[in-house]
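As a plain string of letters, each chain reads:
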Amino acid sequence: MSHAESHTSPHGEIDLNVVREMLSHFTYQDHQEAQELILSALQEINEHFGWVSMEAAELVADHLGTTATRVYGLLTFYADFRTQPRGKNFMLLCHGMSCYVMGSNKLIEELQVNYGIGDGDTTADGELTVQVVNGCLGICDCAPVAKLGDEFHGNLTVDSLNEAIRNAIAARSAVAVS
Ligand code: FES
């Protein structure tokens, strides 16, 4: 068994057996129907693992009777797809209207200056990935808002953003060594 097949971490390699199992639910009558399923298959993999590896994309191509090149093309065309694993901590930073009015720009700037990351990037040490959301995270009353892991942080300032990030990284490291 290869390393990829034995690993199930959402932050590491993609378990290709899980991908095969997902793909087995995508059934079709003809080539045209198969083509229409490519995006849904990629979306499902992206949602489950947080990204789509080249190996996973090749399985999609095989299963749906298309070329790997075509699948890679779709992966890079749509901004929603990630082709790199996420960092250990994943943050959604809201840049919707309320958060924008309440200063989400400053938070985005802080991430760029202090961590060297912009939308979709991961820090060099692999600790943090950020995705800037232009929609709304649904709690405008607490704008500006970020969701770090499963936790929402509201009324953020540059200081409280940094603190939330520090705490999340420390908490995850503590789990890793215990
Ligand atoms: S706009 Fe950010 S939570 Fe609604």
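Residues numbered from 1 in each chain as written. Predicted model: local features only at pLDDT ≥ 70, side-chain atom pairs only at ≥ 80, totals over all residues.

A. Main features of the overall build of the chain. For the chain, the count of helices and strands is 8 helices and 4 strands. The helix and strand sequence of the chain, counted from the amino end, reads α-α-α-α-α-β-α-α-β-β-β-α. Counting only C-alpha atoms, the chain reaches 55 × 40 × 25 Å along its principal axes. Taking all 178 residues of the chain together, the buried fraction comes to 25%. For the chain, restricting intrachain contacts to residue pairs at least 6 apart in sequence, the fraction spanning at least 24 positions comes to 59%. (Helix = DSSP H or I, 4+ residues; strand = E, 2+ residues; numbered from the N terminus. Buried ≥ 20, exposed ≤ 12 C-beta atoms within 10 Å, placed from the backbone. Contact = placed C-beta atoms within 7 Å.)

B. Representation of the environment of Gln-131. Checked against the element boundaries, Gln-131 lands in strand E2 (residues 128-133). Judged by the 16 C-beta atoms lying within 10 Å of it, Gln-131 is partly exposed. In sequence terms Gln-131 and Gly-118 are 13 residues apart; their C-alpha atoms lie 7.9 Å from each other. Setting aside anything within four residues of it in sequence, one finds Gln-131 in contact with Leu-92, Asp-119 and Gly-120.

C. Quick look at unusual backbone geometry. The linkage connecting Ala-143 with the following residue, Pro-144, adopts the cis geometry, with an omega of -5°. Within the secondary structure, Pro-144 is located in the loop between E2 and strand E3 (146-148). Even without being glycine, Asn-155 reaches a positive phi, approximately 50°. The class for Asn-155 is exposed, based on 11 C-beta atoms found within 10 Å.

D. Region of the structure containing the packing of helix H4 (residues 54-63) against helix H5 (residues 68-77). Running from N to C, H4 and H5 cross one another at 125°; their axes reach a closest spacing of 8 Å. By the angle between their directions, the pair H4 and H5 is classed as oblique. When the axes of H4 and H5 are compared, the crossing they make is right-handed. Between H4 and H5, the contacting residues are Ala-57, Glu-58, Val-60 and Ala-61 on the first element and Ala-68, Arg-70, Val-71, Tyr-72 and Leu-75 on the second. Among the residues forming the contact of H4 with H5, the class breakdown is 7 nonpolar, no polar and 2 charged. (Axes fitted to C-alpha atoms, helices over the stretch in contact; angles between N-to-C directions. Parallel < 35°, antiparallel > 145°, perpendicular 65-115°, else oblique. Left-handed = near helix turned anticlockwise from the far one by under 90°. Nonpolar A, V, L, I, M, F, W, Y, C, P; charged D, E, K, R; others polar.)

Everything listed here is a matter of coordinates, which is why it stays silent on function.
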